[in-house]
Amino acid sequence: MAALTGIRVLDMTQYEAGTSCTQYLAWLGAEIIKIEPPNGDPGRSTGVNLAGDSQYFMNYNSGKKSVVIDLKNSSGRDLLLDLAGKCDIFVENYGPDVMESLNIGPDVLAEINQKLIYGRIKGFGLSGPYAKYNAYDWVAQASAGSFSVTGDPLGPPQIVGPTYGDSGTGIQMALGILAAYIESERTGLGQIIEISMQEAVAIFMKTLDLLTWGKEPAQRYGTKRGRTGGGLYRSKGEGKNDYVMIFPVTLKQQDTVFTVIGKPELLVDPRFSTLEDRVENEPILREIIQDWALQHTKQEAMTLLAEAGVPASYVFDSLDLFKDPHLKERNFIVNVEHPVNGAVQLMRHPLRMPGALEPTRSPILGEHTQEVLEEYLDLDASTLAELASQNVIRKAN
C-alpha cells in the first residue's frame, strides 16, 4: 500500500509550481483530482513536441485524474464546492485574486469542509507590496537573489537553468500539506497554507558568503568554489560540457588530489603545507589541477578522483541523465505508455521507499470527469449528459 493511500486532493494547479506539489503527493499514493478548465491546464501545450500532450505536462502530472469543469458557470462552481466536501486537501497556484474572483476562496470552502487543508502558492505571497504581482519560475529566482550569485564575477548575473522557483516551491508546499494533514487528524480542523515562490527560493541562499551575512551582497565566483582549488576544470575533449567538478573540502581530500594527479611532491611543498598556504597560492594550485584535467576525459577524471575519495563529478548534460550507467542501473528513467504519444520516458522520483509509487502516465483532458462525478457526487448518466450539453463539464474525446 502506498504511503498516502486514502488521502484525496482537489487539485486546481497549472503549469509547474502547483503541479509539482500534487505530483509528489500522487507519487506517494494520494488520489489527485485535477480540475481543469475546458481548454485544459495550459501546461498541456507548453513546448509541444508530441502528437498529444507535451512532455512538460506529462512530467508533472503522472497518475492524476483529469476532471474538466467550467468554474465560470455557476453550475460548475457548485460541482467544485460539492467535491471540496469530499476531499482532504485543496491546492491552487493561480494568479493573485483569481480564487476570490471565482468565489472559491478559503473561507468559502471552509464552510463546506472545516477539515479541508487549503494550499496557496503565490509568486510573492498574500501580503506585502508585491502581493498582486504575477510570477513564474525565473521571476521568482530573480527576486530571491539566485541570479545575483550566478555567473562570472566580472560579468552580468546569469539565469539559472533548473526550475527551482517552481518545483522547489511545490515540493516545500507538499511538505507543509503533509504536516497540516497530520495536525488535522489531531484537531479535526484544516488550515490555510500559504507559500511565496520568492521566499521558497530564498531559503536556498543560506550558504553563501556567510562572513558578510546580512551586511553585504554575496558575490559571484564563476567556475570557482571554495578557496583551495574547488570548481570546474576543462577536461579532454571538444564538447561544450567537457568539464569536471572537483570539490575537495578537507585537508585529507586536498592531499588526495595531489596524489591522484600524480603530484605527491606537493604534499611537502611549502607553498601548500597548510590550509592558509593553499588559500594564498590557490591560483598556482588551480593551474596544476587544470593541466592534469586536460589529459583526461571528464568521465575518466571523475572516476580517478571519486574512487580515491575526492568529491567530484563530470558535468552531466541533460542527455547524460538518460544514458549514464549509474542512473540506468538505478532505473531513474522509466518508460510508460501514453494513449496518444505512445512510449514516453519519465524521470522517477528520488524517494526510494516502500510507500512510493512508480510514475504512470498523465491523464487525457477530461478522462476522469464522468468517473469522479459519478463516484463522489452520485450523478447519474442523464445528469452528466445535461451538464455536458450545457458545457459545464467535458469528458474525454
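Residues numbered from 1 in each chain as written. Predicted model: local features only at pLDDT ≥ 70, side-chain atom pairs only at ≥ 80, totals over all residues. Heavy atoms only, no water.

1. Quick word on the pairing of strand β10 (residues 333-338)
Then step 1. By the bridge criterion, six bridges tie β10 to strand β11 (residues 342-347) in an arrangement that is antiparallel. Within the sheet, the bridge partner assigned to V334 lies in β11 and is L346.
Then step 2. Taking the residues that link successive antiparallel strands as the turn, the β10-β11 hairpin has three residues. (Pairing = 2+ DSSP bridges. Helix = DSSP H or I, 4+ residues; strand = E, 2+ residues; numbered from the N terminus.)

2. Notes on the packing of aromatic side chains
Then step 1. Evaluated as defined, the whole model comprises nine aromatic pairs.
Then step 2. Arranged with centres 5.3 Å apart and planes meeting at 20 degrees, the rings of Y130 and Y133 form a pair that is stacked.
Then step 3. Members of the aromatic cluster, connected to one another through ring pairs, are F124, Y130 and Y133. (Phe/Tyr/Trp six-rings, centres within 6.5 Å; stacked < 30°, edge-to-face > 60°.)

3. Quick notes on helix α1 (residues 17-27)
Then step 1. Counting buried positions along α1 gives eleven out of eleven residues, so the element sits mostly inside the fold.
Then step 2. Phi for G29, located one or two positions after α1, is positive at around 105 degrees. (Buried < 20%, exposed > 50% of the residue type's maximum accessible area, 1.4 Å probe, protein only.)

4. Describing the layout of surface pockets
Then step 1. In this structure, the largest pocket encloses a volume near 1200 Å³.
Then step 2. Along the walls of the largest pocket sit 36 residues, with T207, L208, Y221, R225 and G226 positioned nearest its centre.
Then step 3. Classifying every residue of the lining of the largest pocket gives 18 nonpolar, twelve polar and six charged.
Then step 4. Of the voids in this model, the second largest pocket is the one considered here, and its volume is about 820 Å³.
Then step 5. N59, Y60, T163, S167 and M347 are the residues nearest the centre of the second largest pocket, which is lined by 27 residues in total.
Then step 6. Among the elements of the structure, α1, α2 (55-60), α7 (164-187), α13 (320-323) and β11 are those that each provide at least two residues to the lining of the second largest pocket. (1 Å grid on protein atoms, 1.4 Å probe; cavity = no way out; pocket = protein on both sides within 12 Å on 5 of 7 lines; lining within 4 Å. Points joined across faces, edges and corners; volume = space filled by probe spheres on them. Nonpolar A, V, L, I, M, F, W, Y, C, P; charged D, E, K, R; others polar.)

5. Things to note about the side chain of N113
Then step 1. With respect to the helices, strands and loops of the structure, N113 is situated in the loop between α5 (106-112) and β5 (117-122).
Then step 2. Within the structure, the side chain of N113 is placed 2.8 Å from the backbone oxygen of C87, a separation counted as a polar contact.
Then step 3. Leave out the neighbours within four places in its chain, and N113 touches A84, G85 and C87. (Polar contact = N/O pair within 3.5 Å; in protein donor to acceptor, adjacent residues only side chain to side chain. Contact = heavy atoms within 4.5 Å.)

6. Some words on empty space enclosed by the protein
Over the atoms, a rolling probe the size of a water molecule traces out where space has been left empty.
Then step 1. Scanning the model with the defined rule gives one cavity of 30 Å³ or more in all.
Then step 2. Considering only enclosed or pocket space, the largest cavity measures out at about 30 Å³ in volume.
Then step 3. If you go around the largest cavity, the residues you meet are T228, P248, Q254, V257, F258, R278, L285 and I289.
Then step 4. The set of elements that each furnish at least two residues to the lining of the largest cavity consists of α9 (251-260) and α11 (282-293).
Then step 5. A per-element tally of the lining of the largest cavity places α9 first, with three residues.
Then step 6. Classifying every residue of the lining of the largest cavity gives five nonpolar, two polar and one charged.

7. A closer look at the sheet that holds strand β7 (residues 231-234)
Then step 1. Ordered in space as β7-β8-β9, the three strands form an open sheet in which the pairing is antiparallel. A single partner strand is all that each edge strand has here, and the edge strands are β7 and β9 (312-314). Sheet twist, expressed as the average angle between the axes of neighbouring strands with direction ignored, equals 25 degrees.
Then step 2. Judged from the four bridges that link them, β7 and strand β8 (residues 243-246) form a sheet pairing that is antiparallel. From the neighbouring strand, Y233 faces β8, where its bridge partner is V244.
Then step 3. This element, α11, spans β7 and β8 of the sheet and lies at about 45 degrees to β7.
Then step 4. Where helix α12 (residues 298-307) meets the sheet, it contacts β8 and β9, and its direction lies at approximately 165 degrees from that of β9. (Axes fitted to C-alpha atoms, helices over the stretch in contact; angles between N-to-C directions.)

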